[in-house]
Each structure stands twice: as C-alpha cells, then as structure tokens.
Amino acid sequence: MSEVNEMSCAEFADAAAELALGVLTGRERARALAHLDRCEACRENVRQLAVTGEELVGLLPAIEPPAGFETRVMERLGLGAPAPAPAPARPGGSAWRAGSA
Amino acid sequence: MGTAADGMPDETLLAGLGAGDADLALAFVRRFQRIVFGVAMTVIGDPAAAEDVAQQAFEQAWRHAQVYDSRRGSVRAWLTTIAHNLAVDVLRARTSAPVDPDDLPALLTAVTETPERVAVANDRAAGLRRELGRLPAPQARAVAMAGIYGMTARQIAETEDVPLGTAKTRIRDGMQKLRAAYLPENVDDE
C-alpha cells in the first residue's frame, strides 16, 4: 500500500515545536514534513517556532575563547597575517621601533 | 589594534570575510568570537571540542557568506545558528548522555538572569528571557534540553524519568508560550 497515514493539523501542532527545533526523528518527522508540504498555516506556525528557537540560542552567554583563537581561525581560512612568530626577543635589536614611539 | 573595520556593519564584515579580505575577516572574527565560542562551549562543555566547533563555524561563514540573506535575520543570528547546529552535531555523535541534568539549573540561570552577557541584546531577547524565567520548571528544562542541547523528546523523557507523551507536551507548551511572548513585538518591529 502506498497510502500515507496523513497527519492532521491538530496532530501536527503537537509535534510542531519538536520539528522547529530539529529534534523530531524518523517516521514522525517524515509525516510532519509531508503535512507541511500541503498546509500553509502550519508552515507559518513552524517558522515562528523556529525563529523563537533561534532567539533562545541567542540568549546563551558569550564566553571568551582560549588565547590565540582568532589567529588559529585566520590560519584555518588561509588569511593568517605573516605570523609574528614567537621568536625569542632580541635584546638591543629594536632600534627600528624608536621612531614609532 | 583599533581599525576602521571596527565601526563597520556586520554585513560589511561578513562580505569582506567571504571575499577573503584579511582585515575585514579579522574584524569579523573579533566581533563574534565570544558569541560563537559561548554557544559552542555552553552546548558541548569541553573547551577543546568547543574551540574546534567555533573554528568550523567561522569556516562555514567564510564559505557561505554569499548565501547569507539579511531579510531572513541578522548576521549574528545566522552565525549563532551555524555554531549551534555544529555543536549539537558533536553532542549527538557522543554515546554518553547528551546533558547532565544537574547542569540544567546553571544553564537556565545563565540564559534568564545575565542580560549584559548574552549573545543578543535587544527588547525581544529580554521578553523571551523573562518568559523563559516564568515557565514552569519542567517546561523550561524541556525547552532547554530540546532547544539548546538538541535532545529528542525520547531522550528528555528518559533523562527526566517521565512518559514520552509528557516530555512532548512540555516541549510543545513551553515553546508555544515563548513564541507568544516573542511574537506581539514582531508587529511593529521594522
């Protein structure tokens, strides 16, 4: 039988939040997506719930990354500056700096 | 070192990142690294894995900068979603329980009571934070487990030791309340 077990709007509403948050799985997810294909109102419902979920993630606290993070990201992107290598300081070798003080 | 890029709009820095402009890319990373790392670290809880996810998030932003559409949300929200999806993927690949239930109270406190440190600082976020603080505790926990840690209703039911139907209802009711709190302001928000 190719007949699909159709999900009603009421049934969909029960699963809409899970779908919007990306945590619906398997057969239930397939049925919910099939319903969405046909139902404009439920699509809007899910869109709003998804935006709400994004806002929720936006509430997470900012945290200072480990030292050197930005340098490692830039290197990963191939945009690293000609690296200020961690070479040992050369005593007396900084005459070139005098003019910039 | 302060540069002209520091005063540029998020969209300009993102376009610069996509174009491979080192100065704009660096300004972009500096502007968003605390937010991106914060999302990864909060979800994963392990600094090394969180750094890897945060780096991947910037790499994806770099690769997909042209796909960003300002009509669908801010650069910040777009990048935060990228980082969150990557972090949840890492969590799901782990065999152990996705989240220690004992960590939830600290997480909920962090997202409801520290406005000055949150990733998004605006009225809408304030309304959402307030509503999250008002949710019955089981609903707030279910919303956090599903929305932050990407846990399924079944995983939440097991973690909370409640029937599956109860876990699903908590997610549904909690999210509907949050949306109701978030939506009214949508109307005059141009």
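What counts, and at which threshold
Residues numbered from 1 in each chain as written. Chains lettered and ligands numbered in written order. Predicted model: local features only at pLDDT ≥ 70, side-chain atom pairs only at ≥ 80, totals over all residues. Contact = placed C-beta atoms within 7 Å. Helix = DSSP H or I, 4+ residues; strand = E, 2+ residues; numbered from the N terminus. Nonpolar A, V, L, I, M, F, W, Y, C, P; charged D, E, K, R; others polar. Domains from an automatic or database assignment. Core = buried A, V, L, I, M, F, W, Y, C linked by C-beta atoms within 7 Å. Buried ≥ 20, exposed ≤ 12 C-beta atoms within 10 Å, placed from the backbone. Axes fitted to C-alpha atoms, helices over the stretch in contact; angles between N-to-C directions. Parallel < 35°, antiparallel > 145°, perpendicular 65-115°, else oblique. Left-handed = near helix turned anticlockwise from the far one by under 90°. pLDDT = per-residue confidence, 0-100.

A.B. asks: Which parts of the structure should I look at to understand the interface of chain B and chain A?
C.D. replies: It is common to give the size of an interface as the accessible area lost on bringing the parts into contact. On the side of chain A, 33 residues touch chain B, which itself brings 52 residues to the contact. If you tally residues by element for the side of chain B that touches chain A, the top one is helix 2 (residues 22-44) of chain B, at 13 residues. Across the side of chain B that touches chain A, the residue classes tally to 29 nonpolar, 13 polar and ten charged.

A.B. asks: For this particular structure, what's the right way to read the domain arrangement of chain B?
C.D. replies: Residues and elements named next belong to chain B. What the domain assignment reports for chain B is domain 1 (1-96) and domain 2 (99-190). Each partner contributes to the interface: domain 1 provides ten residues, whereas domain 2 provides six residues. Mapped onto the side of domain 1 that touches domain 2, the elements with two or more residues apiece are helix 2 and helix 4 (75-93).

A.B. asks: In this structure, what is going on with the nonpolar core? I would like to understand it.
C.D. replies: For soluble globular proteins, nonpolar side chains are generally found buried alongside one another. Residue and element names in this part refer to chain B. Grouped together as the largest cluster of nonpolar side chains are 81 residues, with contacts concentrated most on Val36, Ala40, Ala57, Ala83 and Ala87. Residue contributions to this core peak at 15 residues, all from helix 2. Residue-level mapping places this core at the junction of two domains, with at least three residues from each of domain 1 (1-96) and domain 2 (99-190).

A.B. asks: Quick question: what am I supposed to make of the packing of helix 4 (residues 69-76) of chain A against helix 3 (residues 47-64) of chain B here?
C.D. replies: Angle between the axes and distance between the axes: these two values describe a pair of packed helices. Close contact between helix 4 of chain A and helix 3 of chain B brings their axes to 10 Å; oriented N to C, the two are set at 50°. One finds that helix 4 of chain A runs oblique with respect to helix 3 of chain B. Between helix 4 of chain A and helix 3 of chain B lies a crossing whose hand is right-handed. Of the residues in helix 3 of chain B, those touching helix 4 of chain A at Phe69, Arg72, Val73 and Arg76 of chain A are Glu51, Gln55, Phe58 and Glu59 of chain B. For the contact of helix 4 of chain A with helix 3 of chain B, the class distribution of residues is three nonpolar, one polar and four charged.

A.B. asks: Help me understand the environment of Ala83 of chain B in this model?
C.D. replies: All names here are of chain B. Note on placement: Ala83 falls in helix 4. Taking the C-beta count within 10 Å as the criterion, Ala83 has 29 such neighbours and is therefore assigned buried. Those residues in contact with Ala83, other than ones at most four positions away along the chain, are Val36, Val39, Ala40, Val53, Ala54 and Ala57.

A.B. asks: I keep staring at the confidence of the model for chain B and nothing clicks. Help me out?
C.D. replies: Interpretation of this model should avoid reading the predicted coordinates in detail wherever pLDDT is low. In the predicted model, chain B carries a mean pLDDT of 88, and 89% of its residues have values of at least 70. Of all secondary-structure elements in chain B, the lowest mean pLDDT belongs to helix 5 (residues 104-113) of chain B, at 81, while helix 3 of chain B reaches the highest, 97.

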